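# Structural description and commentary
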Amino acid sequence: MDEQAVFLRNAMEAHGGPVYRLALCRLQNTADAEDVYQDVFLRLLREGARDWDGEYLKAWLLRTALNRCVDVQRFRLRRPVLSLDEVPELAQPADSQAAELWEAVSCLPEGERTAVHLHYAEGYRTEEIAAMLGVPGTTVRTRLRRARMRLKDLLGGTDDEGEQVSENSGEHLRARRA
């Protein structure tokens with residue numbers, strides 16, 4: 001195996017999971033997420049970036065995945081697709097508690113959903129997420145705070161006094177899911 005193939009294989013093993021999970025979180029479609037995954041690593045192969053360190057490489061891959069997701073979403077606006085909600089047997093997660101959480105996360109607006117994924121699933125700090133998304137750090141922190149409030153409402157969380165966290169109790173999110 002040549003040096004380029006070894007580099008690509010190592011990059012896919014080390015960072016393929018985060019790239020795929022981010023694409024799946026952003027697009028909420030397995031086939032599109034797989035396409036983004038493939039496109040990102042093909043682009044890496046064309047870049048020939050064998051001297052990049054691990055964190056820079058991971059950040060580049062995630063940023064490239066986000067850009068590719070935007071391209072897919074633009075394409076989707078022009079051509080409608082079948083959502084996973086319409087085909088529930090394909091979207092059966094293994095862990096029921098995780099499934100409930102990620103189903104609630106999937107109901108969040110796109111910016112909040114992406115921030116939650118990058119922060120909690122990938123472990124990035126808010127300033128790192130801000131750099132990836134090209135927004136101020138305060139925007140990322142606001143999105144995370146709003147997402148946590150919406151998730152508490154959706155999942156039946158309460159504050160210290162035992163009341164619902166916000167006034168709307170996530171009704172608009174539940175209606176969108178139905």
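Our subject is the structure that appears above.
Residues numbered from 1 in each chain as written. Predicted model: local features only at pLDDT ≥ 70, side-chain atom pairs only at ≥ 80, totals over all residues. Heavy atoms only, no water.

Now for the nonpolar core. Ranked by internal contacts, the top residues of the largest apolar core, which has 37 residues, are Val-19, Val-36, Phe-41, Leu-44, Leu-61, Leu-62 and Leu-118. Counting only elements with at least two residues in this core, the list comes to helix H1 (3-27), helix H2 (30-47), helix H3 (54-78), helix H4 (96-106), helix H5 (110-121), helix H6 (126-133) and helix H7 (137-154). Sort the elements by how many residues they give to this core and H3 lands first, with eight residues. (Core = buried A, V, L, I, M, F, W, Y, C linked by side-chain atoms within 4.5 Å. Buried < 20%, exposed > 50% of the residue type's maximum accessible area, 1.4 Å probe, protein only. Helix = DSSP H or I, 4+ residues; strand = E, 2+ residues; numbered from the N terminus.)

So, about the environment of Thr-114. By the element assignment, Thr-114 lies in helix H5. By relative accessible area, Thr-114 is classed as buried at 1%. In the structure, Thr-114 is positioned 88 residues away from Arg-26 in sequence and 6.2 Å away in space, judged by C-alpha atoms. Excluding anything up to four places from it in sequence, Thr-114 contacts Leu-22, Arg-26, Leu-66 and Leu-133. (Contact = heavy atoms within 4.5 Å.)

What characterises a pair of aromatic rings is the spacing of the ring centres plus the angle enclosed by the ring planes. One pass over the full model with this rule turns up two aromatic pairs. Here the aromatic rings of Tyr-20 and Tyr-37 are separated by 6.5 Å at their centres, their planes lie at 80 degrees, and the arrangement is edge-to-face. Taken together, the residues span a long stretch of sequence, with Tyr-20 in helix H1 and Tyr-37 in helix H2 at a distance of 17 residues. Three or more aromatic residues joined by ring pairs make a cluster, and in this case those are Tyr-20, Tyr-37 and Phe-41. (Phe/Tyr/Trp six-rings, centres within 6.5 Å; stacked < 30°, edge-to-face > 60°.)

Moving on, we get to the packing of H1 against H5. Here H1 crosses H5 at 160 degrees, and the two axes come no closer than 9 Å. Our classification of the angle between H1 and H5 gives roughly antiparallel. Considering the relative orientation of H1 and H5, their crossing is right-handed. Touching Pro-18, Arg-21, Leu-22, Cys-25 and Arg-26 of H1 are Glu-110, Arg-113, Thr-114, His-117 and Leu-118, all from H5. Here the residues of the contact of H1 with H5 sort into four nonpolar, two polar and four charged. (Axes fitted to C-alpha atoms, helices over the stretch in contact; angles between N-to-C directions. Parallel < 35°, antiparallel > 145°, perpendicular 65-115°, else oblique. Left-handed = near helix turned anticlockwise from the far one by under 90°. Nonpolar A, V, L, I, M, F, W, Y, C, P; charged D, E, K, R; others polar.)

Turning next to unusual backbone geometry. Even without being a glycine, Gln-28 presents a positive backbone phi close to 55 degrees. Here Gln-28 is to be found in the loop between H1 and H2. Classification of Gln-28 as partly exposed rests on a relative accessible area of 31%.

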